[in-house]
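Per-entry structural report
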Amino acid sequence: MSGFTKKVTASLLTSLFAVSAWSAPIAHGETKFPDVNEEVTGNEEIQYLEDQGIIQGYQDGTFRPGDNVSRMEAAIMLTRELGLSTENRPNPNFDDISTEHPHYKYVAALVDEGIIEGTDSNEFQPDRNIKRIEMAAVLTRAYNLENEPISKEFDDVSGNRKYVSEVVSNRISVGFPDNTFRPNDPTTRAQFSIFLARTMDNQFKQYLSNAKEDPNFEPIDNENIRGTYIWHAENVIEEPNEILEFAKEHDINLLYTRLDRTQDFTVYKEFLEKAHEAGIEVHAMGGHPNWALKEGEERLNMFIDYVTSYQKVVPPRQQFDGIHLDIEPYVLKHWDGNTEDVLTTWKKNIQTFNDEVKRESDLETSADLAIWLDNHKTPGEDDISFSKWVISKLDHTTLMAFRDSAEGSNGIIDVSQTEMKFAKELGKELLISVEMQQMEEHKHISFYEEGKQVMEEELDETKSHFKDNPSYHGNAVHAYEYWKIANE
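A brief report on the enclosed structure follows.

Rules used in this analysis
- Residues numbered from 1 in each chain as written.
- Predicted model: local features only at pLDDT ≥ 70, side-chain atom pairs only at ≥ 80, totals over all residues.
- Heavy atoms only, no water.
- Patch = residues over 30% accessible without salt bridge, like charges linked within 9 Å, V, L, I, M, F, W, Y side chains within 5 Å.
- Areas by Shrake-Rupley, 256 points an atom, 1.4 Å probe, with all protein chains shown as cover.
- Salt bridge = Lys/Arg side-chain N within 4 Å of Asp/Glu carboxyl O.
- Lys, Arg positive; Asp, Glu negative; His and termini not counted.
- Charge placed at Lys NZ, Arg CZ, Asp CG, Glu CD.
- Helix = DSSP H or I, 4+ residues; strand = E, 2+ residues; numbered from the N terminus.
- Buried < 20%, exposed > 50% of the residue type's maximum accessible area, 1.4 Å probe, protein only.
- Pairing = 2+ DSSP bridges.
- Axes fitted to C-alpha atoms, helices over the stretch in contact; angles between N-to-C directions.
- Contact = heavy atoms within 4.5 Å.
- Polar contact = N/O pair within 3.5 Å; in protein donor to acceptor, adjacent residues only side chain to side chain.

Quick notes on a negative patch on the surface
Taken together, the side chains of E340, D341, D382 and D383 present a region of like negative charge at the surface. Of all the secondary-structure elements, those providing two or more residues to the negative patch are helix 13 (339–360) and strand 7 (381–385). With respect to the element layout, D383 can be found in strand 7. With relative accessibility at 73%, the residue D383 sits in the exposed group.

As structure tokens, this is what we get:
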């Protein structure tokens, strides 16, 4: 969640309307603005803020939604809300504001904090209407908006693209239906009301998209999973139709799809819609070994925010069905000699992952799990293995049972027994994953040499063995790029 969303409170909202005619004594009962009706964009947000006792109209009872907000009004509002001291601030030395100006101190404070700037001609232009791009800039700076994904491109935005990206990614502003942001237009009272309502209640952010009820779309929740991993993010962007054709040919009904968070959301929408039309679930996938460490927490949160933000700006038929982690910290040097510490931060990050995803969306959570992690105890809960703890926290788990035969000691069935037992006890779903990548060493963990047909036969045996276990949910093959070129 952005700093803006976290920090903006009713105190800001009250101060935002505390300049000139923006504020009036709060009257008892409901106020009706004669100039705000269903035909006025933002009427619901204006009414919401009025109901909250945050805004009032002018003395004649009007709200004047089309009136503009000045740069000085914005400076006063932000200085008050942020609680900035106005004492002993350096003089910004603008040509059009002397130290004798009645509102000089507010401008000086914001300039000193790096929140607002003057013009190239060394003026502040206090009475000029604040442009939409300027409002985006001051909000980004004031609240340290950081949301890496760029959720929309605009035909009329070239410079200061970062500021537009931040307010759009945080779903504060979306622009106009003609795909323009109109950066040089003034910010009206109605537009400002819309921004404010969106900071207070996520219901208003639904207006940024088509992410509404879709009675013609049936959510997909497949049984008897046949899945695979799209490990390279560029594959979904560069060869989406090839992936979907491969999935249809191989009866695949679940794709773990790695994402590129620097991409605009639009690159995924058509792929997801086509996948759903084919009855295929798509789960957004991300991961890195250091996501189990303290220093990886920020990147993990960025991934969560990217996916949950995407969910909120597209209709259901273009949404992901789940969110999947592949975190394998045992490949890091931190693991040997520091296993307990790594498990502690890994546990914390998985808990954060599940909590944040569930708070922000209805996505199914899952993660890959090594077969030998059941030998490790859970930090702080020594009576439960780490594998069991992970299974208990997520909606489903994908067990990396990388072996090239189903039966026998150390076969797929054998190495999956413990986790399958855990899943059954917990009432959780478990997928069994196998490997198709070429392995120069440890050839027994991959079906590369045996080929597709043998893999299918061994997976059939695995399915037959676990078919009566209610937690067995199917299989997945790692990965698409290896599977498609594998020997028959």
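Quick look at the sheet that holds strand 8 (residues 396–400)
Reading around the barrel, the 8 strands line up as 1-2-3-4-5-8-9-10 and close back on themselves, with parallel pairing between neighbours. Neighbour to neighbour, the strand axes of the sheet diverge by 25 degrees on average, direction disregarded. In the sheet, strand 2 (residues 254–258) pairs with strand 3 (residues 281–286) via 5 bridges, with the strands oriented parallel. Of the residues in strand 3, the one forming a bridge with L254 is E281. Together, strand 4 (322–325) and strand 5 (364–370) form the strand contacts of helix 13, whose direction differs from that of strand 5 by roughly 160 degrees. Against the sheet, helix 15 (residues 412–426) contacts strand 5, strand 8, strand 9 (429–435) and strand 10 (472–478), and its axis sits at roughly 160 degrees relative to strand 9.

A closer look at the side chain of R403
Following the sequence through the fold, R403 ends up in the loop between strand 8 and helix 15. One buried charged residue, R403, remains without a salt bridge, the closest side chain of opposite sign being D404 at 7.3 Å. Within the structure, R403 has its side chain in polar contact with the backbone oxygen of N410 (distance 3.2 Å). Among all residues touching R403, those that are not within four sequence positions of it are I371, N410, G411, I412, V415, H444, I445 and F447.

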